[in-house]
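# Examining the three-dimensional arrangement
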Amino acid sequence: MIEWIRRLVRRGEPSQGQREAEGALDRARTAREQAEERRPLVEAAVQRLRREREENHFADRIRAALEGGAQ
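Cut-offs applied
Residues numbered from 1 in each chain as written. Predicted model: local features only at pLDDT ≥ 70, side-chain atom pairs only at ≥ 80, totals over all residues. Heavy atoms only, no water. Helix = DSSP H or I, 4+ residues; strand = E, 2+ residues; numbered from the N terminus. Buried < 20%, exposed > 50% of the residue type's maximum accessible area, 1.4 Å probe, protein only. Areas by Shrake-Rupley, 256 points an atom, 1.4 Å probe, with all protein chains shown as cover. Salt bridge = Lys/Arg side-chain N within 4 Å of Asp/Glu carboxyl O. Expected span 1.5 Å × (residues − 1). Bend = angle between axes of the 7 residues up to and from the residue. Patch = residues over 30% accessible without salt bridge, like charges linked within 9 Å, V, L, I, M, F, W, Y side chains within 5 Å.

The next subject is the overall build of the protein. For the protein, the count of helices and strands is 2 helices and 0 strands. Taken along its principal axes, the extent of the C-alpha atoms in the protein is 85 × 25 × 10 Å. Per-residue burial over the protein gives 1% buried out of 71 residues. Of the roughly 6900 Å² of accessible surface on the protein, a fraction of 53% belongs to carbon and sulfur atoms.

Here it is in structure tokens:
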């Protein structure tokens, strides 16, 4: 019971664990904001890679057709 009373009295000051948790939360928020800022760059890269993959796919099919291979 005495420990419970001590915790009530210390409510104004955060514990070491609470400070660490707040720090982790701040780092997670910062990382999320940075990821959101990079989103347009990532989407542009994804679209470019998708286009290149499709071009390679069609080039392979045309090459196979010209060489007489069946796909």
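That shown, we press on.
A few words now on the pattern of salt bridges. On inspection of all chains with the given rule, the structure shows 4 salt bridges. The closest approach of N and O atoms between Asp 26 and Arg 29, which form a salt bridge, is 3.7 Å. Taken together, the positions of Asp 26 and Arg 29, both in helix 2 (residues 16-67) and 3 residues apart, correspond to about one turn of that helix. On the basis of relative accessible area, Arg 29 is assigned to the partly exposed category, the value being 46%.

Time to look at helix 2. Counted at 1.5 Å a residue, the expected span for helix 2 with its 52 residues is 76 Å, and the 70 Å between its end C-alpha atoms agrees. Maximum bend of helix 2: about 45°, positioned at Arg 39, with proline Pro 40 one to four residues after it. In the segment just after helix 2, Gly 68 is the residue with positive phi, at about 90°.

Take a nonpolar patch on the surface next. A cluster of nonpolar side chains, namely Met 1, Trp 4 and Ile 5, defines an oily patch on the protein surface of about 400 Å² accessible area. Mapped onto the secondary structure, Met 1 falls in the segment before helix 1 (2-9).

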